[in-house]
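Coordinate inspection notes
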Amino acid sequence: MASSTVTSEPVAAKRRRAGRRQELIWAAIFLSPAIAALVVLRVVPTVGAVVQSLYKAFPGGIIPATFHGLGNYESLFSDPNFVDTIVRTLIFNVIINPVQIVLALLLAVLFVQKIPAVGVWRTLVFIPITVPIVGSCIAWGAALNPDGPVNALLSALGGNPQPFLTSPNQALASIILLASWIGIGYWMLFLISGLQAIPEELYDAAKIDRAGAIRTFFSITVPMLRRPLLFVLVADTVANFVLFVPVQLLTQGGPQNSTTLLMFDAYRTTYGYGSRNLGAAEVVILTAIMIFFVLLQFRLLRDERTPR
Amino acid sequence: MTTTELARPGRTEPVAPLGRAPRPVKTSTVVLTAVAVLVGVGFVLPAIWILIGSFRPNAEILTTMSPLSRHLVIPSEVTLENYVHLLVDSGFARALLNSFIVCIASVAIGLAMSAMAAYALAVYQFPGRNLIFAVIVISFMVPFEAIAIPLAQQFTDWGLGNTMIGLILPGVANGLAIFNLRQYFLGIPQSYREAAMLDGASEPRILFSLYARLSGPALTNSALLIFLGQWTAFLWPLLIVSDSDLQLAPVALAGTFGEHAADYGQNFAGTIVLTLVPAISMFVLQRFFGRLSIGSGEK
């Protein structure tokens, strides 16, 4: 200890150990804000929602909430309106996600072709991404007005004007239309970069084998795009399960509940009807369904890889 | 030139002339081009309609909607009255200012927090490092909307309803920002850090003076992610703020859409303002980004 030249080795080791402890302290200091945010912003509300969903309270909060077990879930699932909302949310997602992914894929393939000024046409498709969703909803709310330009276009093409957002049969389809206008260009971007990463030799080989365009698409393009496609599908599904702004802004769940999706229903139950505990149960159900679909998609697209 | 074109998948021309006439290739190119133009124009038309509408007399938007004519996109006069009404007469200017404050504070706090976490996860070796990294990134990538309602209830219980802090906090944590910064930090040679330590630099100094200075592009990218997330946020400010003085721009815009159904001029102008801010910031930051990557010629 006294003469560092003689005992240099232990001192160095000690210093290294002290340095490592120092590092650990710094790691803890640097990580603490992020971990605190994680706990406050994710863990607490998630646990809070589960706990809330198990209690029953009367609006006003004078009487303390009492433990209710699965009672909130029972009353939700015995309510035909809520069951309809679940079914509607599922149908909505089963339609909108494949439609958006297929269209985004077709557009991505189109926009990597050798055509004049392809960058310009591609840019036009992703301009809607830059419009914040509130703006997009206002644009389409105005455009789908009974006397709006979309109906003017329909009339000019010889069709009949449609009620769109004011008809229980068309409101959800109208929301699919506007959500797709927003989303397709975004998902297309990921697929274009995926397409550009496919090695050219594969296409040359297909050409030598005289594979047609459709055969090449399904035997080379789609399998090679599996990873970006899985990512886009999962991200799109998650985004569509929590789609909220168009419903809140344009239809308020109507007409005749035809656009009441689970996310909006949870909001309306919590704030519109003041049922915090039922709303929490709806949030838990929404999250569970979302996780189920994400896992299912991972499962399906993983399994497909093994045989080929 | 030709090599880059050859590198594109799905090209329609053969590599070498195979004795086939180029005619059929041309027809398919013409068809594809026509489809591409139609799709592109179809996508951009609603945006152009909004842009033009924001500069035309408000009354004209309604009268030119139907039947279809060239007046749909050709205004009789170009006017700024919609913007003046929006920014001077309504509370929108206040909401815009609030949005800017929230965005800037979120970016500042969020960048500091993400950089610290990313530095700890990139530089130090400690047990459970990868697990902590995965948990942080994945949990902040789960869509915020899914927990927004219970979180808003918690925030209200904690007295954070109708406060700036309540608006700012949820936007600061961004999984992609932490992920990006960590990947970038991993690429910075450890020898730089060791050299700085020999010079007596403390850990925070190494992070904020060395790593942050070398990470312009990654920081810019992360700043943009946090900024755009907060700028376009709708559900959270709707849940957490009822006080109109604290309202953010998207909620204020949505409010005017419901109230005066016929005032499309102001609505369109508000949409354009909300769109321009991210577009301009992206443009400016891209240039900044480009300059940095050229200027930092250390590789």
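Keep in mind that this is a model prediction, so the values were computed, not measured.

Focus: the overall build of chain A
If you tally the helices and strands in chain A, you get 13 helices and two strands. Relative to the globule expectation of 19 Å for 308 residues, the C-alpha radius of gyration of chain A, 27 Å, shows a markedly less compact shape. Along the three orthogonal principal directions, the C-alpha set of chain A runs to about 100 × 75 × 40 Å. Taken across its 308 residues, chain A has 47% of its residues classed as buried. Counted over contacts in chain A with a minimum sequence separation of 6, partners at least 24 positions apart contribute 66%. As displayed, chain A has an accessible area near 15500 Å², and 67% of this comes from carbon and sulfur atoms. Averaging the coordinates of the 22 positive side-chain charges in chain A and doing the same for the 15 negative ones gives two points 11 Å apart.

Looking at the interface of chain A and chain B
With 76 residues of chain A at the interface, the matching set in chain B holds 82 residues. Buried area between chain A and chain B, summed over both chains or domains, comes out near 7000 Å², and the portion from carbon and sulfur atoms is 76%. Its largest share of buried area at the contact with chain B, chain A owes to Phe30(A), Arg42(A) and Lys114(A), together 11% of the area lost on that side. Counting across the chain A and chain B interface gives two salt bridges.

Concerning the UniProt feature "domain: ABC transmembrane type-1" (unreviewed entry) in chain A
Within this structure's numbering, the places UniProt gives as "domain: ABC transmembrane type-1" (unreviewed entry) are residues 86–297 of chain A. Measuring from the first to the last C-alpha atom of residues 86–297 of chain A gives 19 Å, for a span that is 75% helix and 0% strand.

Remarks on the environment of Ala36(A)
Residue and element names in this part refer to chain A. Inspection of the secondary structure puts Ala36 in helix H1 (residues 8–53). Taking relative accessible area as the criterion, Ala36 reaches 39% and is therefore assigned partly exposed. Along the primary structure Ala36 and Gly158 are separated by 122 residues, whereas in three dimensions their C-alpha atoms are 60 Å apart.

Quick look at helix H7 (residues 144–157) of chain B
All names here are of chain B. Under the 1.5 Å per step criterion, the end-to-end length of H7 is 19 Å for 14 residues, consistent within 8% with the ideal 20 Å. Listed as buried for H7 are Ala146, Ile147, Ala148, Ile149, Pro150, Leu151, Ala152, Gln153, Gln154 and Phe155. Backbone geometry just after H7 places Gly159 at a positive phi near 80 degrees.

Considering the nonpolar core
One finds Leu107(A), Phe111(A), Leu249(A), Phe92(B), Tyr119(B) and Phe185(B) to be the most contacted residues of the largest nonpolar core, which totals 168 residues. Here this core gets 17 residues from one element, more than from any other, and that element is helix H5 (residues 92–123) of chain B. Once you skip the residues sitting within four places of it in the chain, Tyr119(B) turns out to touch Phe30(A), Tyr124(B), Phe185(B), Arg193(B), Glu203(B), Ile206(B), Leu207(B) and Tyr211(B).

Details of the domain arrangement of chain A
Residues and elements named next belong to chain A. Annotation of chain A at the domain level lists domain 1 (10–53) and domain 2 (70–301). Here the C-alpha centroids of domain 1 and domain 2 sit 38 Å apart. In this complex, domain 1 contributes four residues to the contact, which on the side of domain 2 involves seven residues. Contact between domain 1 and domain 2 buries roughly 480 Å² in total, counting both sides, with carbon and sulfur atoms accounting for 50%. For domain 1, the biggest contributors to the area lost against domain 2 are Ala49, Gln52 and Ser53; these three give 93% of the whole. Viewed at the interface, domain 2 and domain 1 are joined by three residue pairs in polar contact (both at pLDDT 80 or more).

Conventions adopted
Counting from 1, residues in each chain are numbered in the order their sequence is written. Ligands are numbered from 1 and chains lettered from A, in the order in which they are written. With pLDDT at 70 or above as the cut-off, local features in this predicted model cover only qualifying residues; side-chain atom pairs require 80 or more to be listed or tallied, and sums for whole chains, interfaces and linings still use all residues. As a convention, hydrogens and water are excluded, and side-chain values are obtained from all of the structure's heavy atoms. Numbering of helices and strands runs from the N terminus, with a helix taken as a DSSP run of H or I at least four residues long and a strand as a DSSP run of E at least two residues long. Each radius of gyration is computed over the set of C-alpha atoms, and the globule rule expresses the reference value as 2.2 Å times the number of residues to the power 0.38. Exposure classes here rest on a 1.4 Å probe applied to the protein chains alone. A residue is buried below 20% of its type maximum, exposed above 50%, and partly exposed in between. Whether two residues touch is decided by their heavy atoms; if any such pair falls within 4.5 Å, the residues are in contact. Each accessible area is a Shrake-Rupley estimate made with a 1.4 Å probe; only the visible protein chains count as cover when residues are assessed. When charges are counted, Lys and Arg are positive and Asp and Glu negative, with His and the chain ends excluded. To locate a charge, the coordinates of NZ of Lys, CZ of Arg, CG of Asp or CD of Glu are taken. Buried area: the sum, over both parts, of the accessible surface (1.4 Å probe) that disappears when the two are put together. In the sections that follow, a salt bridge refers to a side-chain nitrogen of Lys or Arg positioned within 4 Å of a carboxyl oxygen of Asp or Glu. UniProt positions are given in the numbering used here, feature names are shortened, and annotations may be inferred rather than shown by experiment. Take the residue count of a helix, subtract one, and multiply by 1.5 Å to get its expected span. To qualify as a nonpolar core, a set must consist of buried Ala, Val, Leu, Ile, Met, Phe, Trp, Tyr and Cys residues joined through side-chain atoms within 4.5 Å. Each domain's extent was defined by an automatic or database domain assignment. Here a polar contact is taken to be a pair of N or O atoms separated by no more than 3.5 Å, where protein atoms must pair a possible hydrogen donor with a possible acceptor and residues adjacent in sequence count only if both atoms sit in side chains.

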